[in-house]
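Per-entry structural report
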Amino acid sequence: MQFDSLGLSPRLINALNEQGITDPTPIQTQAIPHAMAGRDVMGLAQTGSGKTAAFGLPMLDALMKNGRKAEPKTPRALILAPTRELARQIHDTLATFAQGSALKLALITGGVGFTPQIERMSRGVAILVATPGRLVDLLDRRAVDLSKTEFLVLDEADQMLDLGFIHSLRRIAGLLPKQRQTMLFSATMPKLMEEIAGAFLTDPVRVQVNPPGQAVAKIEQKLHFVAKAAKTDLLIELLDAHRDELAIVFGRTKHGSEKLARQLENAGYAVAAIHGNKSQGQRDRAIAAFREGAVRVLVATDVAARGIDIPGIRHVYNYDLPNVPENYVHRIGRTARAGADGTAIAFCAPDEMGELKDIEKAMKAKIPVASGAPWEVVPDAAARSGARPGSKPRQGQGRPNGQGQGRPGGQPSRRPAQANAAAKPGAGSAKPRRPGPRKPRAA
Ligand code: AMP
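Residues numbered from 1 in each chain as written. Predicted model: local features only at pLDDT ≥ 70, side-chain atom pairs only at ≥ 80, totals over all residues. Heavy atoms only, no water.

As recorded in an unreviewed UniProt entry, the protein goes by the name DEAD/DEAH box helicase, listed as coming from Rubellimicrobium roseum. The Sequence similarities (unreviewed entry) field of the UniProt record for the protein holds the comment "Belongs to the DEAD box helicase family." (UniProt positions renumbered as here; feature names shortened; annotations may be inferred.)

Each helix and strand counted, the protein has 16 helices and 16 strands in total. Going through the 443 residues of the protein one by one, you find that 55% of them count as buried. Pairs at least 24 apart in sequence give 75% of the contacts found in the protein among residues at least 6 apart. Accessible surface, the protein as shown: approximately 18800 Å² in total, 50% of it carbon and sulfur. (Helix = DSSP H or I, 4+ residues; strand = E, 2+ residues; numbered from the N terminus. Buried < 20%, exposed > 50% of the residue type's maximum accessible area, 1.4 Å probe, protein only. Contact = heavy atoms within 4.5 Å. Areas by Shrake-Rupley, 256 points an atom, 1.4 Å probe, with all protein chains shown as cover.)

Moving on to the site of the ligand. Of all residues adjacent to the ligand, which total 14 residues, the nearest are D23, Q28, G48, G50 and T52. Contacts to the ligand include Q28, whose side-chain N or O atom sits 2.8 Å from a nitrogen atom. Within the backbone of S49, one N or O atom sits 3.1 Å away from an oxygen atom of the ligand. Contact with the protein chains hides 79% of the accessible area of the ligand, taken as 500 Å² for the molecule alone. Each of domain 1 (3-208) and domain 2 (219-430) contributes no fewer than three residues to the shell around the ligand. (Near = heavy atom within 4 Å. Polar contact = N/O pair within 3.5 Å; in protein donor to acceptor, adjacent residues only side chain to side chain. Domains from an automatic or database assignment.)

With that settled, consider the side chain of Q159. Looking at the secondary structure, you find Q159 in the loop between β5 (151-154) and α7 (163-175). When its relative accessible area of 7% is taken as the criterion, Q159 is described as buried. A polar contact is formed between the side chain of Q159 and the side chain of H330, at a distance of 2.6 Å.

A separate point is the sheet that holds strand β1 (residues 41-44). Sheet architecture is open: seven strands sit in the order β3-β4-β2-β5-β6-β1-β7, paired in parallel fashion. Edge positions in the sheet fall to β3 (105-108) and β7 (205-208), since each has one partner strand and no second. Between one strand axis and the next, the sheet turns through 15 degrees on average, direction left out of account. Strands in contact with helix α2 (residues 26-36) are β1, β6 (181-186) and β7; relative to β7, the strand with the most contacts, it is inclined by about 165 degrees. Of the strands in this sheet, β2 (77-80), β3 and β4 (127-130) touch helix α4 (residues 84-97), which is tilted by about 175 degrees from β3. (Pairing = 2+ DSSP bridges. Axes fitted to C-alpha atoms, helices over the stretch in contact; angles between N-to-C directions.)

Moving on: the side chain of S101. Residue placement: S101 occurs in the loop between α4 and β3. With a relative accessible area of 14%, S101 lands in the buried category. A polar side-chain atom of S101 sits 2.7 Å from the main-chain carbonyl oxygen of A98.

Within the secondary structure, S186 sits in strand β6. Once the C-alpha coordinates of S186 and T47 are considered, the two residues, 139 residues apart in sequence, prove to be 8.7 Å apart. If we skip the residues at most four places from it in the chain, S186 touches G43, L44, A45, A157, D158 and M193.

Positive phi is not limited to glycine here, since R142 has a value of about 55 degrees. For R142, the position within the fold is in the loop between α6 (132-140) and β5. Positive phi is not limited to glycine here, since K364 has a value of about 55 degrees. Relative to the elements of secondary structure, K364 occurs in the loop between α14 (353-363) and β14 (369-371).

Here we take up the packing of α2 against helix α3 (residues 51-65). Closest axis-to-axis distance for the α2/α3 pair is 8 Å, and the angle between their directions is 30 degrees. Judged by the inter-axis angle, α2 sits roughly parallel to α3. Of the two possible hands of crossing, α2 and α3 adopt the one that is right-handed. Note on element contacts: α3 touches α2 through K51, A53, A54, L57, P58, D61 and K65, opposite I27, Q28, A31, I32, A35 and M36. Broken down by class, the residue content of the contact of α2 with α3 amounts to nine nonpolar, one polar and three charged. (Parallel < 35°, antiparallel > 145°, perpendicular 65-115°, else oblique. Left-handed = near helix turned anticlockwise from the far one by under 90°. Nonpolar A, V, L, I, M, F, W, Y, C, P; charged D, E, K, R; others polar.)

Another point: the packing of aromatic side chains. Under the defined criterion, the tally for this structure stands at three aromatic pairs. Of the aromatic side chains, those joined through ring pairs into one cluster are Y317, Y319 and F347. Here R141 stacks its cationic end above the ring of F114, 3.8 Å away from the centre of that ring. Across the ring face of Y319, the terminal group of K231 is positioned such that the distance to the ring centre comes to 5.4 Å. (Phe/Tyr/Trp six-rings, centres within 6.5 Å; stacked < 30°, edge-to-face > 60°. Lys NZ or Arg CZ within 6 Å of the ring centre and 35° of its normal.)

This is how it looks when you write it as structure tokens:
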């Protein structure tokens, strides 16, 4: 299957070929013909599946064929993305496809001043890529008029399900013409997502490349049961094995991610951190340095990392497990992009057994264990703390269930008892005992 058999104009096919893109990915093969026929599309696809081109190419094709001059403030196409990074990436990808055409693109996201964005809109824009919050701000300032918008795309829509986003989406939806083409892409399909899809789409064609919530097949996943205090040493040991390759490490909190970045820096790594406390400029510089390879390890929180598309990322570490299970799929989707290989390594401390259970349930698959063994939730300890057994016990309430199943290198663990001591209830401390000096292992 080639792009020309999908009905795309030769101009776009040339633009693709110039980027070395010759064969459509499965989501492109499935979605493009329906989108070209004007149908609404609901695409269930992971990041890295080529979904930007799946919605972008038919949209560009239609806009190019109907070459109206861009009027001030009135974009003909609107693409909404949950984060600044993803919005920028979509903007840049579409700009390369549209190169040489008369189509003007604009990017509207938070974190930067209003004036240049207002001026940009007043000069006329065909395609607007925006994050919902800032778009609402500009609508309030009457700097954007959506009454003539013919195409709407909601990308990574499942990441827009919290209340702030839903409120903004409702505002935006009310300003769009009913007569339009809408495409919605999402990696997962929680129940609330079905409702949003129902509100935005009319008789959509459903296309799907991976069952929702299931990870990209090319990603090799591994799980280490490791005490909280031993995570950093284990991370350094694993990073040491691939010093020249790009790795992204996910932490849960801003503070924890910053601290981890400093520890890795002290261990000799070129590291950058991106999280909610960093300015947009700092985030952009960090991502640029990572993309160029000047920084090999990027420590990130979920919000900051969404949408990052850097083909060279070979390793994703879930240093902390996400507490929203779908985010596991999003995180590991940062590797193995466009058919490349990648590994996704998750660390699970005793207090993360609840998160692990939720992730495996959402993926309908177990993550293969590389070292350690599942922590047992001890009902006594849970009861003492008032927590329900099995319901996300706090640090120190679990203990490894059985012997270690081997180190990453395949040798059996030398210290299965240590993790036991580290996390055993009544060990005297809520924190696991810090294991031995060099490259300790929890189990
Ligand atoms: P996306 O899922 O849209 O974020 O795309 C992931 C990556 O795949 C991007 O780096 C694209 O440039 C790349 N890509 C998109 N379509 C194709 C294709 N048909 N062949 C090869 N690479 C592609």
